[in-house]
Each structure stands twice: as C-alpha cells, then as structure tokens.
There are 2 protein chains.
Amino acid sequence: VHQPEHKTWSFNLSDNLIWRNIWRKQEDSISNDLLLPERAESLKTKCPPASDALSVVGVDMRKEVNAAHHYTGEYMTDVLVVRRGQQFIIDVSFNRPATPQDDFQLEFLIGADPAANKESLVVVNFGNHSGAVWAGQIVEARETVVSLGVTASSRAIVGLYRMYVAVAMGNGMQRTEKDPNTNFYLLFNPWNPDDDVFYPDDAGRSEYVLNSTGLIYMGTSDQVTERGWVYGQFEEGILDACIYIMDACRMPIHNRGDVVKMVRTASALINSQDDNGVLIGNWSDDFSMGTPPTTWTGSASILQKYHTSGAPVSFAQCWVYAGVLNTFLRCLGIPSRIITNFNSAHDNTGNLKTELIFKPDGTPDRHNTQDSIWNFHCWNEAFMKRVDLPQKYSGWQVVDATPQETNDGYFRCGPAPVIAIRDGELCHPFDCGFVFAEVNSDLIHMKSDKYGNMTPFKVDTTYVGKLIYTKSLSGWGPEDITGTYKHPEGSLADQQTMALAEQYGCSRDNSDFPASKLSIQISAQAGYVGDPLRVSVTFYNQSETMKSVKVHMEISPTYYTGVVASDPLKVEDFRLDLDAFQSSIKVFELSPQEYVSQLDSNSSLEVTVTGQTDDVEVSEVKTITLKLPPLNITLSGQPQVNRDMYVMVSFTNTMGFPLTGAKLAMEGAGLLETQDDSSYEPNIPQGRVQTDEAGTPDAPGGVLASCDCLPVRTALQWRRRKRRRRRKRRRRRKRRGV
Amino acid sequence: VHQPEHKTWSFNLSDNLIWRNIWRKQEDSISNDLLLPERAESLKTKCPPASDALSVVGVDMRKEVNAAHHYTGEYMTDVLVVRRGQQFIIDVSFNRPATPQDDFQLEFLIGADPAANKESLVVVNFGNHSGAVWAGQIVEARETVVSLGVTASSRAIVGLYRMYVAVAMGNGMQRTEKDPNTNFYLLFNPWNPDDDVFYPDDAGRSEYVLNSTGLIYMGTSDQVTERGWVYGQFEEGILDACIYIMDACRMPIHNRGDVVKMVRTASALINSQDDNGVLIGNWSDDFSMGTPPTTWTGSASILQKYHTSGAPVSFAQCWVYAGVLNTFLRCLGIPSRIITNFNSAHDNTGNLKTELIFKPDGTPDRHNTQDSIWNFHCWNEAFMKRVDLPQKYSGWQVVDATPQETNDGYFRCGPAPVIAIRDGELCHPFDCGFVFAEVNSDLIHMKSDKYGNMTPFKVDTTYVGKLIYTKSLSGWGPEDITGTYKHPEGSLADQQTMALAEQYGCSRDNSDFPASKLSIQISAQAGYVGDPLRVSVTFYNQSETMKSVKVHMEISPTYYTGVVASDPLKVEDFRLDLDAFQSSIKVFELSPQEYVSQLDSNSSLEVTVTGQTDDVEVSEVKTITLKLPPLNITLSGQPQVNRDMYVMVSFTNTMGFPLTGAKLAMEGAGLLETQDDSSYEPNIPQGRVQTDEAGTPDAPGGVLASCDCLPVRTALQWRRRKRRRRRKRRRRRKRRGV
C-alpha cells in the first residue's frame, strides 16, 4: 500500500471571473494538468483538522484485482487502467476506524479545468447525497481500511483521471494532496451493454479489442498478398501516446466520452495533413528523408516516436495509417479492424464516374486522367452505437485516416455506417458519399477528339470495389466482407441502392453501349519478382466481317495507387487482321533486366491494350502484382514469455543481381528493444542472408520482420502465460545489480 | 470592340506524368493562374496558318447587354459578370466571313489545372460535336462578326474564367492568345430554376441577392435595437476578394460549383480561428489593437483590407461575422439573410442543458457556470436545394461564421436545414444538434452543496430562443421567424420535436418542480444611457404561512455574450418577512456615475436576485439593455447617384460628462472613399457634435454612420438611377486633368 506523507488542505472554488468562450475551452482541451499546480498552491490549508478528526493515511488503487476484472492486465503501466460502467475497488486507510457519522467522498478530476456540470469533476459519495453521476458503495470495512466500490458512468470522459479523498470538516472539506499514485486511466468498455462501444460476444472482443497483432491484405483482387502488423496497443507508453494525440490537437475534454467524436477526430489526427498529426504520407519512391512505409512492422515505434518528438513521423502509406489508427482505437477500448478494398476508386470530384482517358491515337492520356483507382486501399472499421443517427446505422463504421480528399475541410473520413453505404443512404454524417464512391464508382473509358471533347465508349460497373477483405475473427486467413458493403451486382437491391445514391447527388454515367463485337483479354501468370514475365493478350472478333485492328500495347510500372511510376517499359504498336469470328493471341515477354530495376516498392505493372478499327474502339487494362521472395523467421526452441530467445530471420535473394539499400526491421510484442535502425543492410548479395536477434518477450504475441519492400508474415505464436510484470522488472533490476 | 494584336499558337497537352493525389489537388485549389504562364510558354506555335485560313481578329464580351440580362449591372468591375444556366452573348470578329465549312469553338478554363473531365476546362462547339457540357449557338452573323450564345451548365464551377477562341486547322487547333479582356466571372443564378440556389420570386431575389444594405437586430428580446449594415457586395474589388478567400483556403476548384460545399467552407473562412480567415474575434473590452466591432458600418472595407493585406482583420463580434458572410454569399449569387436569435444558448457540451449555478449562500457561482446565454446571437441563412438530403430539407439553411464550438474540428457551422431544427430531425449534416441547442436549451438553475454536488431547483424551458428576427422582405422593419425554428411551446408538435431530439442524443433535464409558493419578478424601464436606472423587484408569497426570506441582489455589467464584465456595481443582502399571500416591492437605484463608466460596449446590465427560506430556493435573472442616444444623419438637398452631395452626422451627448475616445465612421454605397480612420474624434464634449463629409455616390443605396459603440440607422434612400460607370470614370479623370 502506498503511504504519502500526511497533509491536508481545504478546498474552495476561487471566484475570480473567467473568460467563458472558446479560448477557455481550448485551454480545457489539455488533459495534462499544467494549470493545476498553481491552483493547488492557491488552496492553502484553511482549517486545521480537529485532533480526533478522521483523516486519510493511505490509498491503494488495487491494480491487480481491478485490472483482472476490467480486461486491462496487458497494459504495460504501473497506473491503474479501468473501463466505464463497471465497478472498480479502491482501498482507503484512515487514521482510525470510520464511523457512520464520518462523511467522506472521492473526487475524480480530468483536464486542466475540471467542472462538475461538464462531468470533468465528479464527486462520489458513500453517504446518501443525491446528484452523483458515478455510483459509489462501501464494499468492505476492516478496522481503519475501507474498500470503496466506484462505477464510472457509461458515458464518462475517457482518459487519465486524478483522484482525491475528501473528508467533511465543519463547513469545508479536507482533501488528500495531489498524488500521481492515485491517478488512473478510464477507457471505453466493450463489455458493458450500456456503453456505446458494447460488442456482443467474447470472440469479437478478444479479436477487435485485445488482439495486439493482425494481418493487412494487399496486392490485387486476383493476387492477394498479406502483411503482418503488430498493433502493440498494450506496449509501454502507447496509452499515454494516444492521450497525447488528443491533447496535441486540443480535442475538448468534454468530447472525449463521445465515441463518434473520438473516432472522427482520430481519423484527422493520424495524418499530419492539416493538423500536426502522427504520420506524414509519401507515395513517391524517395523515402530517403525517413523510414519507407514498407519497413514498418507495427504501430508502437511510430506512436512512441511521435509522442517523444512531438513531430509527425515519416513515412506512411494507407496500411500504415490504418495500422496506427487501429492501435489508437483498440488501445482506448473501441472495437476496430482493418479492411482492404481492392480496386478502390479515388474519385476527385465525388461523383460515381472514374474516367480512364485515351487520346485520339489510342494511347492513354495520363495528363487528363486525374481519377485513379488504387490496386487496394486500407481503412478501418470501428464498432459503435450511433446515438446521433437512427438505430439501423449502429454497428461497423468506416473510418479512414489516409489523407485522400479534404472531406469537410479536414483530411478526415468517417465514421460512415457500413450499412448506409450498402443501401445508398448517403444523407447521414459522415462522408458516406465519398466511401460509397470508393466501392461503387463506374470505370468509364473515354476517348478525346481533336477538339478536346471527351466521349465515353465503355463503362465497367464491376471493376471498382471488386473485393473487400478483413482478417478473419479467429484465425490467420481473410474474411470476405464485400457483401456488407455492396448488394450482389445487378440485384434488385443493388439497383435500388444506386437509384437512391443518385438521388443524393452521386451522378453516374448511364449511357450504355451495345456489347462490342471486338474484345480484348489480358492474362499473365504472376511469378516471383526476378522471373521473366509473360503477358498474353487475346483479341476476339465476334462480327461476321474481317476486322483490321490498329493495336497499341504498353506495360508500365505502377504504384499501388494506380499512378504510373515512369515511362512504359515496353510499347508496341501494330496492325492485326482478324477474320470473322476469329481470335488471335499475342504474347509479350519482359526479362528481369527489363523490369526489376524499374519496379516501385509495390511491385506492380499495368498493362494497357487498345484496339481501333474504323468503327469501334476497344480497350483493356490489367494490373499485375508480382510475388516477392519470402522472409523466413525461425525462433530458438520453445518461445515463452519472459524466456530469453533467439530470432533468426533469413532471406534468399533469387533475383539475378544483388539488392542494394535493403533494410531489415524486426518487432515482437514485448520485444521492441530489438527493433533498431542499426540493423541496416546496405546490400543483400545473391543467395541467402541471415540475421540473429536475442530478446526476452514480456508479452504473448509473435515476431514480425520486414526487409524493406518485402512482405512479412507472423511466425508461430507462443503460449499465453500470466505475466508478473512488476516482479519481472525487479528481477531485471536485480540482474543489473540495481 | 477590343482588338488584341493578332497571334496564334497551337495547343497540345503535354504528356509529362503528374502526381495524381492530394498534392496535385491542392495545387488545383488556386484559381489565379500562377501556373499558366509557363504552360503557355511551352506551347509555341506549331503550324503557321494557311493564308486564307479563318483567324480571329477581335472579341467583344458584350458587357452592357449581358449584364442587363444577368442582373449583374451593379458589380463595379470592367470584367463581364454572368450567371449559370443562362445564355450570354460573345461577339467574335474574324479576318473574313466565316463559312459553314469553318470549324471553330470557344474554350473556357478556370483554375491552375483545367481538366475537361473536372469541368474546369469546357469546350463549346457551334458545329454539332457531341459531348459539350455548356450549350452554344450562333445567334447572328454579320459579315466578319459572329455573335455566339453560350449557356453555362447549371452546375458549372463559380469563379473567374479565362476564354480562348480556337479554330480547327488541319489536325490541330489555333487559339487566340491569353487575354485578360476576355475573362469573365460566372456566378450562382437564383433566377434559374435548374440552379440549386433558385429563389422562386422577384421580391425575394431583390432583397436576398441584390439588396446591398440591411438591418441587423440586437439588444434583448424585450428591448430590440437595430443596426444598419452596408453589405456592399457590388463595390469595386469585393467579388475578387470573395474569390481570393476561396483561394486562400485552397478550396478545390471542382467544389466551387457545389453550393453546399461553398457555404460550409465560407462559414469556416470568415473567421480566422483555425484557417487564416477574414476576421479576428474579440469579445473583450480592449480593441486598442484594431477596430472595435461596433465601429464597422459594412463589409466592404473589411473584405478589401483582407484582400490587400492577406492577413485577418481585427475585430469582429457575431454581427460583423454575419455581415461579412452575407456579403460573400450575396456577392456570389446565393440568396442569404441575417437572423438574430434572442437568448441564444451557447452550450459547451452540446446537450440541451444550460446551467446557471448558485453557491450554498445563494450568490451566483460564476466560476462553475460555464455555459452562457447570449442576449442575442446573429447568424446567416442561405437558401438552397439540398441535393445531398431528402427533398424536405431544401430551403433556408443556417450558416454561422462566428467561432463558437469547434464543430467537426473546424470553427464552422452549417448548412443546417431550418426545417430539420424545427422538427428535431438532427440526424442529417451539418451541425443540426448545435443549432438546435442554441434555440431550444433549457435554462437550469442549480444549487451546489458543500460537497460540490449540484442539484437543480428550477428549469425554465421558455427562456432560450425567445424570439428570432430577420429584416422583413421589403421594408425596414423586423420579420418574426421564430415559427420557422420552433413549434409553439408545449404544442404536440413541439413535444414530438423534443422527443426526437433526445432520441438523437440531445440529453435534457426532465426533472419537473412543483410551482414554488415563493416567486420573484424583476422589472426595469430601460431609459437612455446616462439616465438614472430604477430596478424594482417584487417578491410574492403564495403560501398560507409567513416566510422569512434571505435575499441576495446584485447588478453587474455584462457583455452581450452573457458574460459578466466586472464585479457587481451594486450588491445587497437583506432579510425580508412576507406574510401569507403577501407581496412586497423593493426598488434599487443606480446613478449615471455609478454605472455608465462601467458599461461595456454592449451597454447591458444583469440583475440577479435569489431568495432562500429554510425550505425553498428561488432565483430570477434579468438582462437590461439601455438605449443609446441616436446619431443623426442628414443629406444635402436631393441626393442622387453621381451628384456630389454632403452628409451631415450629428450627435447630442446627453450624458452628464464628455465621452472620450469615441470614433466616427461613415459609409455609403459608392461612397467608400469617405470612410477613413482620420475622422477620429478623441473626445465628444457634452452637447452637440457634428461632422460634414462630401462625396459622390456612384451606386444607389444609403449612408451609414457609426459613433463607436452607438447604434446606427440608414438614412433616407435616394433614387435608383442607371449608372454609366465607365463614362463617369472618364469624367473624373478629365476633372483630374488626366
């Protein structure tokens, strides 16, 4: 039990006039108690306690017991962590046994400017005084020690609270001194049916709230790859970092109990676009000024870096934003998951037309094609009750931290109810129309004439939002949740959705074209990077006359954002004569030397083929993502929490040449110390390279390693075992001879 | 007709790869054509024209004719101003008569990065090429001159366009050179039924779009005062200033045809809270660093100052924000008006409880009373079709530029459909809940006990949103539009509204209290500032027993924001014995010396009276606004446009002492030059002061003058007369001997 030196001072609110407008509210958006020391100063002891007066000699926050009941045992902090709407126990020891005549209370404060009517100053009585917002009861009294049960309201502000014990004394109250050891964190509570983040089952809670590692899907719809991610929401300092994020953007304290506001704010804060948020995006190929997005293996190091430096961290692409946002949400107790939308439309005008423009000569007009379709785009879903909307919109909500459009002035997106997207009900907050376009845009092939006019000649309504994946509930495979975003293509429900969406201002191109007699099909078996690439293009002529087709074909390296990274690697223009009802196949080859050096970090290639006859236009585009040689991770013996172990990461370079400037990073729950930038490999020769790391995991989890632009996988899990963190620390100190 | 030197160059889009993400889009949010010179450079003449080729020798934008048909004659600019969805005429003269074989087109560009599929590059053909978004027809052809009729789409981007005439030439096009004289402004069009800002009748359009002066209501619900305001949306440079505002905040060009986005952006831009907006708010009493909010007489000088300096202008309070936003909206063609909500709740937590807290001893607890009720609050209404919402929500929308709450991260509010507020349907964008609280909050009198607990003892559901005024459609009186925001208090519809609002998360305090047997009534006949003030308080005892009441009374100067400006001017504590069913009146006097020097710029006083017996609590609060001596404006002879005239402003200081540091400002449509800060009066002695100004109004309108914190009124209007602005200028120049 912690025993502070015994002092008391009596408290009464200073009456000095305060400026009650935004300035003051901004001041109130800082939850660290900068302002409180002075206030405490100004509250010198007024009435010295009577000799026999009841007074406090010690407070025990009962961390072990409370943590177990509140599912917060894994947070690596010495401060108590509890959840809303569920009782926690605090032991107060007095100078003498308390009698029914004694009148004492607990006072909970959060933020720089606590106020009772803003619920940032909460008084809990154990007599029968009315008006308390939080419930309190005396659980047990043994001699001088009283066990008090406190239940924070289910709507309480989330964050770091300070606590005082106050004893009624004549007309005043005597309070314990300010003491960091009686601080505690209050979180959202998915276990509490009255909490807006309540999640109905254990499997969901242990995946969407408690699981600290996960998988993120990438690649293309027909070549899905995956990447492991360590969310690390329980790692040392992460909870503080999350609260710091809210402080950094001056989020008003009184909004921090409202999950809708919390989630919307978070989507703006994880990117640094307008506010001074966590991550700087970089979709170029030059990451020399920071860490390449592909090198990160988890969120913890990013959040710690941001918290210590206070400056945005370089660099992120969509899955990094999603990974860090997921950590933020799970850390505060909001159920969340990362989803991947394949062929994600990035429509600049927010209509449902994504245009692909070709010049009169049939070559792609890259300058005017401003919309882009991302091979994949990752965002988050957060699970909550939408108290601000009709009931049906509760459940999973889209939240996107990647800065794409300036929705509403800020780079932010959501929460948008997934069901509203599915049903085209885009008239509710927030940003439903934008998300709807990402999964439902039509891909329109346009041809420009010499006058600058553009005319559509092909509309593909099935290309965008081809597939939507998330990690399965309890397993390491994908779960296909496309059906939660879209009714089956062409179904009646789908038609109704589209009609409704148009009614809410999503304009579409409804021109429909007779099935063309001429068609093109592109196929390529994607091997490993370094293998020769074979692309075969089949031309079909379903008409009853011979067709002479002017063909243009080009292969260009592309970013996963659909943006072409450089000039084409291969261009071919030729004429092709197709007899009636005939087809013909052309095969194009790329040698490793021709393409590997040109690949950007996402290793995909875009193949564009257009055909022109005097009467018809045809065009086809296909993105090919090449597989990358795996990184192998092996662990020494039977890995267990608190056992020293060795991690071996090896990689075989199958390409015909050395890889230069590659970077190896490694991360594991409780293994953060092993991840450092010193493990830098300037050069990976051909053949096998290997690195060994030692570490002592102090949490259950897995190990992730990444080798620059190479994908990573989680290694075998090790057995979950109850941790005795404090004891372990002591052990460590002993070892160090402290 | 303007005759540029004859040059041509042929145009073809440079193919260089561009970075198609937010960076590029930000670049595109600048409508001045910074980037275009280089591009023009890169487009050197390719094909010299054949000798007999058709080529352009001149373009006439037909300003006079077009302006008349588009209701834009009053804009003081030499550049053509037209509206969307309505034909305007352009005369093109060629080197020879055009033949049907000749193939030419007009090209309209806006923004730094025009693109056909973003409708920022629009091609209009006069042959029969398909796919044009804007309609074009040949209206008349006389010899070498062709009159072309162009109709911009009803959804076209609003702003400053550049125009080129292009003639088909072999495989390319030959274009006229870039020429500022062929630029034109395109505005929203309330006369066009297909425009989202269509307003159904002429009376409305001439008030809400064309009227450049208006009235703003202030004071208290039972003592309404008014203030004239010169919107000056047609003044020289204002239209440019409005476009500059959008550029300054990098509003994407392609959003500038969308009235919902435009209005929402504007509400954030007029204040400088987070973006680098137009006005800096200041609710203190120290305006030494800028112009006192009460000194402004109109928007024009503010917008010009902002445009020329690029820095936010000091200082504003709510009516200044509303005045400038109104100018912005009307200038761009969006119907708008200013409304005043009396007893406007400024609720910090967004619930429906506005708390007034009293200490155990019955004195007001100013520290904990964080919510405030503004005597009045001004915001704007903009009239539009909400394409993003179900039909019923079209019509007037609340837009508020005053930085109160950070709605959605930004200091912005609206557009919120007025009808959604009335019916409690708060589940649609934007910020309906916040506006709903401003007009519907309950005023809750709370008492805190020694434990810090608060218990309500009185709930007043009728105090907030007492009265809502706007200037009447065609007259200089107020129009009561309370009914458009609120169903009759207590009606069934009202109960339904409240129930629905609670369902959407607006928590209320539904505790109801038996009518108290003890009651207080405060009354005061508000005279002029400088008269002695008499406040009479009546105490009623409706119980059948004698009551001994402990009374506390205090009178404090307050800002119009409800914030008490300083310590009370008068405090009285006394005991009052009231026999059964008796009442008793107490009268309190304040001499001019006691209060006038203490008044803040809004000249209101708050009277608070509380009474306590051993069993009941009563309290009453009343705000008194004192009248201010009027400023008299007289004009010499019969004022007419383009006639020199004299304006006499006189003021009689009826107060018992000189007014120091007063400032006289004057403004009239087309009289801006007469407003300058040199007209500074350090000291207004007792008795009458007068100032004479000379000026030549070049627009119909009125004159406004303000004397620091004294209210202003519009003087008599003078006869509207057609202006010959250009000629007038010449006349002037002649006079100056230019």
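Rules and cut-offs
- Residues numbered from 1 in each chain as written.
- Chains lettered and ligands numbered in written order.
- Predicted model: local features only at pLDDT ≥ 70, side-chain atom pairs only at ≥ 80, totals over all residues.
- Heavy atoms only, no water.
- Helix = DSSP H or I, 4+ residues; strand = E, 2+ residues; numbered from the N terminus.
- Buried < 20%, exposed > 50% of the residue type's maximum accessible area, 1.4 Å probe, protein only.
- Contact = heavy atoms within 4.5 Å.
- Areas by Shrake-Rupley, 256 points an atom, 1.4 Å probe, with all protein chains shown as cover.
- Salt bridge = Lys/Arg side-chain N within 4 Å of Asp/Glu carboxyl O.
- Pairing = 2+ DSSP bridges.
- Axes fitted to C-alpha atoms, helices over the stretch in contact; angles between N-to-C directions.
- 1 Å grid on protein atoms, 1.4 Å probe; cavity = no way out; pocket = protein on both sides within 12 Å on 5 of 7 lines; lining within 4 Å.
- Points joined across faces, edges and corners; volume = space filled by probe spheres on them.
- Nonpolar A, V, L, I, M, F, W, Y, C, P; charged D, E, K, R; others polar.
- Domains from an automatic or database assignment.
- Buried area = accessible area lost by both parts, 1.4 Å probe.
- Polar contact = N/O pair within 3.5 Å; in protein donor to acceptor, adjacent residues only side chain to side chain.
- Parallel < 35°, antiparallel > 145°, perpendicular 65-115°, else oblique.
- Left-handed = near helix turned anticlockwise from the far one by under 90°.
- UniProt positions renumbered as here; feature names shortened; annotations may be inferred.
- Disulfide = S-S within 2.5 Å.

### Quick look at the overall build of chain A
Moving on, step 1. When you go through chain A residue by residue, the secondary structure sums to 14 helices and 38 strands.
Moving on, step 2. Counting the 738 residues in chain A, one finds 62% classified as buried.
Moving on, step 3. In chain A, once contacts between residues fewer than 6 apart in sequence are set aside, the share between residues at least 24 apart is 70%.
Moving on, step 4. Of the roughly 27500 Å² of accessible surface on chain A, a fraction of 51% belongs to carbon and sulfur atoms.

### Remarks on the pattern of salt bridges
Opposite charge on two side chains permits pairing when their charged atoms draw close.
Moving on, step 1. Applying the stated criterion to the full structure yields 52 salt bridges over all chains.
Moving on, step 2. Within the structure, one salt-bridge network assembled from shared partners comprises Arg62, Asp91, Glu140 and Arg142 of chain A.

### A look at the sheet that holds strand 21 (residues 442-448) of chain A
All names here are of chain A.
Moving on, step 1. Spatially, the three strands line up as an open sheet ordered 17-21-22, and their pairing is mixed. Across the chains shown, the open sheet's two edge strands, defined by having one partner strand only, are strand 17 (353-358) and strand 22 (454-460). Pairwise comparison of adjacent strand axes, ignoring direction, gives a mean angle of 30 degrees for this sheet.
Moving on, step 2. Pairing analysis gives six bridges linking strand 21 to strand 22, with the strands arranged antiparallel. Bridge assignment links histidine 445 to a residue of strand 22, and that residue is lysine 458.

### A look at empty space enclosed by the protein
Residues and elements named next belong to chain A.
Moving on, step 1. All told, the structure shown has 18 cavities of 30 Å³ or more when counted by the stated rule.
Moving on, step 2. In this model, the largest cavity occupies a volume close to 390 Å³.
Moving on, step 3. Every residue lining the largest cavity is counted, 30 residues in all, and those nearest its centre are Leu356, Ile373, Gly562, Glu606 and Val621.
Moving on, step 4. Of all the secondary-structure elements, those providing two or more residues to the lining of the largest cavity are strand 17, strand 18 (372-384), strand 21, strand 22, strand 30 (604-612) and strand 31 (617-625).
Moving on, step 5. Among the elements that line the lining of the largest cavity, the one with the most residues is strand 17, at five residues.
Moving on, step 6. Of the residues that constitute the lining of the largest cavity, the class distribution is 11 nonpolar, 10 polar and nine charged.

### Quick notes on the domain arrangement of chain A
Residue and element names in this part refer to chain A.
Moving on, step 1. Parsing chain A into structural domains produces domain 1 (56-187), domain 2 (202-504), domain 3 (518-625) and domain 4 (631-720).
Moving on, step 2. One C-alpha centre belongs to domain 1, the other to domain 2, and the line joining them spans 39 Å.
Moving on, step 3. Counting residues at the interface gives 19 residues for domain 1 and 19 residues for domain 2.
Moving on, step 4. With both chains or domains summed, domain 1 and domain 2 bury close to 1500 Å², and 64% of this area falls on carbon and sulfur atoms.
Moving on, step 5. Put simply, domain 1 and domain 2 have zero salt bridges between them.
Moving on, step 6. The interface formed by domain 1 and domain 2 includes five residue pairs in polar contact (both at pLDDT 80 or more).
Moving on, step 7. Residue assignment for the side of domain 1 that touches domain 2 shows that the elements contributing at least two residues are strand 3 (80-83), strand 9 (159-169) and strand 11 (184-187).

### Overview of the pairing of strand 26 (residues 533-541) of chain B
Residues and elements named next belong to chain B.
Moving on, step 1. The buried fraction of strand 26 is high, at seven of nine residues.
Moving on, step 2. One ladder, built from eight bridges, connects strand 26 with strand 29 (residues 583-590); its direction is antiparallel. The residue bridging valine 535 from the neighbouring strand is phenylalanine 588, located in strand 29.

### Details of the environment of aspartate 423 of chain B
Residues and elements named next belong to chain B.
Moving on, step 1. With respect to the helices and strands, the residue aspartate 423 is situated in helix 9 (residues 418-423).
Moving on, step 2. Aspartate 423 sits 40 residues away from phenylalanine 383 along the chain, and the two C-alpha atoms are 18 Å apart.
Moving on, step 3. In terms of polar contacts, aspartate 423 uses its side chain to reach the side chain of histidine 487, at 2.9 Å.

### Describing the packing of helix 5 (residues 238-248) of chain B against helix 7 (residues 300-309) of chain B
Residues and elements named next belong to chain B.
Moving on, step 1. Following both chains from N to C, one finds helix 5 and helix 7 inclined at 50 degrees, their axes separated by 9 Å at the closest point. Judged by the angle between their axes, helix 5 and helix 7 are oblique. Crossing hand, helix 5 versus helix 7: left-handed. For the pair helix 5 and helix 7, the contacting residues are Ile238, Asp240, Ala241, Tyr244, Ile245 and Ala248 in the first and Ala300, Leu303, Gln304, Tyr306 and His307 in the second.
Moving on, step 2. Across the contact of helix 5 with helix 7, the residue classes break down as eight nonpolar, two polar and one charged.

### A closer look at the sheet that holds strand 8 (residues 145-151) of chain A
Residues and elements named next belong to chain A.
Moving on, step 1. Taking strand neighbours across the sheet as the criterion, the four strands line up as 2-4-8-7 in an open arrangement whose pairing is antiparallel. Looking along the sheet, the strands with just one partner apiece sit at the ends: strand 2 (56-60) and strand 7 (135-142). Each strand axis lies, on average, 25 degrees off the axis of its neighbour in the sheet, ignoring direction.
Moving on, step 2. As defined by bridge partners, strand 2 adjoins strand 4 (residues 87-94) across four bridges and the pair is classed as antiparallel. When the sheet's bridge partners are listed, aspartate 60 is paired in strand 4 with aspartate 91.

### A look at the UniProt feature "active site" (unreviewed entry) in chain A
All names here are of chain A.
Moving on, step 1. Sites flagged by UniProt as "active site" (unreviewed entry) map to Cys318, His377 and Asp400. For the annotated residues, spread through 83 residues, the largest C-alpha to C-alpha distance comes to 9.8 Å, consistent with a single compact locus.
Moving on, step 2. Following the sequence through the fold, histidine 377 ends up in strand 18.
Moving on, step 3. Aside from chain neighbours lying at most four places away, what touches histidine 377 is Cys318, Ile339, Thr340, Asn341, Ser344, Asp400, Thr402, Gln404 and Glu438.
Moving on, step 4. Note on placement: aspartate 400 falls in the loop between strand 19 (395-399) and strand 20 (416-417).
Moving on, step 5. Aspartate 400 sits in the buried class, given a relative accessible area of 2%.
Moving on, step 6. If we ignore the near neighbours within four places in the chain, the residues touching aspartate 400 are Ser267, His377, Cys378, Trp379, Arg412, Cys413 and Glu438.

### Brief notes about the side chain of serine 543 of chain A
Residues and elements named next belong to chain A.
Moving on, step 1. On the secondary structure map, serine 543 appears in the loop between strand 26 (533-541) and strand 27 (547-558).
Moving on, step 2. What makes serine 543 buried here is its relative accessible area of 2%.
Moving on, step 3. A distance of 3.1 Å separates a polar side-chain atom of serine 543 from the backbone oxygen of threonine 545.
Moving on, step 4. Residue contacts for serine 543: discarding those within four places in its chain leaves Lys517, Ala580 and Phe581.

### Structural notes on the environment of valine 259 of chain B
Residue and element names in this part refer to chain B.
Moving on, step 1. Turning to its location among the elements, valine 259 is positioned in helix 6 (residues 259-269).
Moving on, step 2. Note on valine 259: relative accessible area 2%, which makes it buried.
Moving on, step 3. With 221 residues separating them in the primary sequence, valine 259 and aspartate 480 have C-alpha atoms 27 Å apart.

### As for the environment of proline 190 of chain B
Residues and elements named next belong to chain B.
Moving on, step 1. Mapped onto the elements, proline 190 comes out in the loop between strand 11 (184-187) and helix 4 (202-210).
Moving on, step 2. Judged by its relative accessible area of 0%, proline 190 falls in the buried class.
Moving on, step 3. As for proline 190 and isoleucine 555, which are separated by 365 residues in sequence, their C-alpha atoms are 49 Å apart.

### Overview of the state of the cysteines
Cysteine pairs can be covalently joined through their sulfur atoms, and such a bond is termed a disulfide.
Moving on, step 1. In total, this model carries zero disulfides over all chains according to the counting rule given.
Moving on, step 2. Here cysteine 318 of chain A stays free of any disulfide, with the sulfur of cysteine 378 of chain A as its closest cysteine sulfur at 4.0 Å.

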